[in-house]
Amino acid sequence: MLPHVAYPRYIAAYSQKYSAIFNITNSPEFEDALGVLSWQAKRVFTRAFESLEKFEYGVSLWSHKETYKVSLVEEQVNDALEKYQEKHGDPIDYSDYFYPVIEELHFGQSLEMRLEMQYFITAKAIYEYVSNFKDKPLQENFNQFRTIANLISTSIEFMSLELRKDQISIEAITENARKAANARQSPYEKAGTIAAVNQLLEERKEMLNEKGGKAKLIRLIFEKINNDEIPAPDVPSEKTVKYWIKQFQKNTKSTN
């Protein structure tokens, strides 16, 4: 049985949407920006845009992923990044975590999808780093290089486990990372902001069933934060406050 061959216009690496990302490995700045990590970075690009397919008689071949498959991963990435920001109030800083994707962007996706997200995020971060390398000051490049190095090393670790078919180790790493993420508190949790907001929502929860009640509660929460009646490290975004209310409603339903 011969492997299925997709036409180039259906292949992510050749598509208008992703070809620039995939072809950054051919950029003259690629090795200058990444140095000794350039070879491992290319391996990550291979994994992000290709998949190892198995055929008859034990034959396995790398084949390019079709555009729609990479697009599905990107949609999951964007959704997770948005939920992270709603939860924490700020965009994710990948340098804050050893397993940033597995730890902090786990919002119910399958393990397989989270691994695909790991590789896509790493490839896109490398693309953005290399593309802007010449235009950024040395210190900024150095700080970003540390983040890129962490993403690459984590991706390579998972890729090696995948090739060895060591599913047990992959699941152990992801489970430990999940526990670490659950144990870690956001700045608003540390400051007691979320606890105070939940207490206020508990006292005024009937307003959530009233027309316009949620909007009034949001204004009340901001008023109390600005008046220091609710402790907070800073003023959260409206999207973050809406996320807290959504989580309160979800937790309330689960306990009823």
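Residues numbered from 1 in each chain as written. Predicted model: local features only at pLDDT ≥ 70, side-chain atom pairs only at ≥ 80, totals over all residues. Heavy atoms only, no water.

Caption draft 1: How the structure looks around the overall build of the chain. Looking only at helices and strands, the chain has twelve helices and two strands in total. For the chain, the residues scored as buried account for 42% of the 256 residues in total. Restricting the contact set of the chain to residue pairs at least 6 apart, pairs at least 24 apart contribute 64%. Approximately 14,800 Å² of the chain is accessible, and the part contributed by carbon and sulfur atoms is 51%. (Helix = DSSP H or I, 4+ residues; strand = E, 2+ residues; numbered from the N terminus. Buried < 20%, exposed > 50% of the residue type's maximum accessible area, 1.4 Å probe, protein only. Contact = heavy atoms within 4.5 Å. Areas by Shrake-Rupley, 256 points an atom, 1.4 Å probe, with all protein chains shown as cover.)

Caption draft 2: Inspection of the packing of helix α6 (residues 111-131) against helix α7 (residues 138-163) at higher detail. Two elements in contact, α6 and α7, have axes whose closest approach is 10 Å; the angle formed by their N-to-C orientations is 150°. Judged by the inter-axis angle, α6 sits roughly antiparallel to α7. Seen along the crossing, α6 lies across α7 with a hand that is left-handed. Facing α6, whose interface residues are Leu115, Gln118, Tyr119, Ile121, Thr122, Ala125, Ile126 and Tyr129, α7 presents Asn141, Gln144, Phe145, Ile148, Leu151, Ile152, Thr154, Ser155, Phe158, Met159 and Glu162. Tallied by class, the residues present in the contact of α6 with α7 amount to twelve nonpolar, six polar and one charged. (Axes fitted to C-alpha atoms, helices over the stretch in contact; angles between N-to-C directions. Parallel < 35°, antiparallel > 145°, perpendicular 65-115°, else oblique. Left-handed = near helix turned anticlockwise from the far one by under 90°. Nonpolar A, V, L, I, M, F, W, Y, C, P; charged D, E, K, R; others polar.)

Caption draft 3: Representation of the environment of serine 27. Structurally, the position occupied by serine 27 is in the loop between α1 (19-22) and α2 (29-34). When the C-alpha positions of serine 27 and valine 130 are compared, they lie 8.4 Å apart, and in sequence the two are 103 residues distant.

Caption draft 4: Local environment of a nonpolar patch on the surface. Taken together, Leu52, Trp62 and Leu163 make up a surface patch of nonpolar side chains, about 300 Å² in accessible area. With respect to the helices, strands and loops of the structure, leucine 163 is situated in helix α7. Assessed through its relative accessible area of 52%, leucine 163 is described here as exposed. (Patch = residues over 30% accessible without salt bridge, like charges linked within 9 Å, V, L, I, M, F, W, Y side chains within 5 Å. Salt bridge = Lys/Arg side-chain N within 4 Å of Asp/Glu carboxyl O.)

Caption draft 5: Examining the packing of helix α4 (residues 67-88) against α6 more closely. Running from N to C, α4 and α6 point in directions that differ by 85°, and their axes come no closer than 9 Å. As judged from the angle between their axes, α4 and α6 are roughly perpendicular. On α6, the residues touching Val70, Val73, Glu74, Gln76, Val77 and Ala80 of α4 are Met113, Glu116, Met117, Phe120, Ile121 and Lys124. Its residues assigned to classes, the contact of α4 with α6 shows eight nonpolar, one polar and three charged.

Caption draft 6: The pattern of salt bridges, seen in detail. Using the criterion set out here, one finds eleven salt bridges in the structure. Note that arginine 47 is salt-bridged to glutamate 116, the shortest N-O span being 3.0 Å. Remark: glutamate 116 occurs in helix α6 and arginine 47 occurs in helix α3 (residues 38-49); sequence separation between them is 69 residues. Here arginine 47 matches glutamate 116 in class, with each residue buried.

Caption draft 7: Representation of the environment of lysine 136 within the structure. Take lysine 136: it is sitting in the loop between α6 and α7. Residue lysine 136 is classed as partly exposed on the basis of its relative accessible area of 26%. When residues no more than four places from it in sequence are discounted, the contact partners of lysine 136 are Asn141 and Gln144. Separated by 3.3 Å, the side chains of lysine 136 and glutamine 144 make a polar contact. (Polar contact = N/O pair within 3.5 Å; in protein donor to acceptor, adjacent residues only side chain to side chain.)

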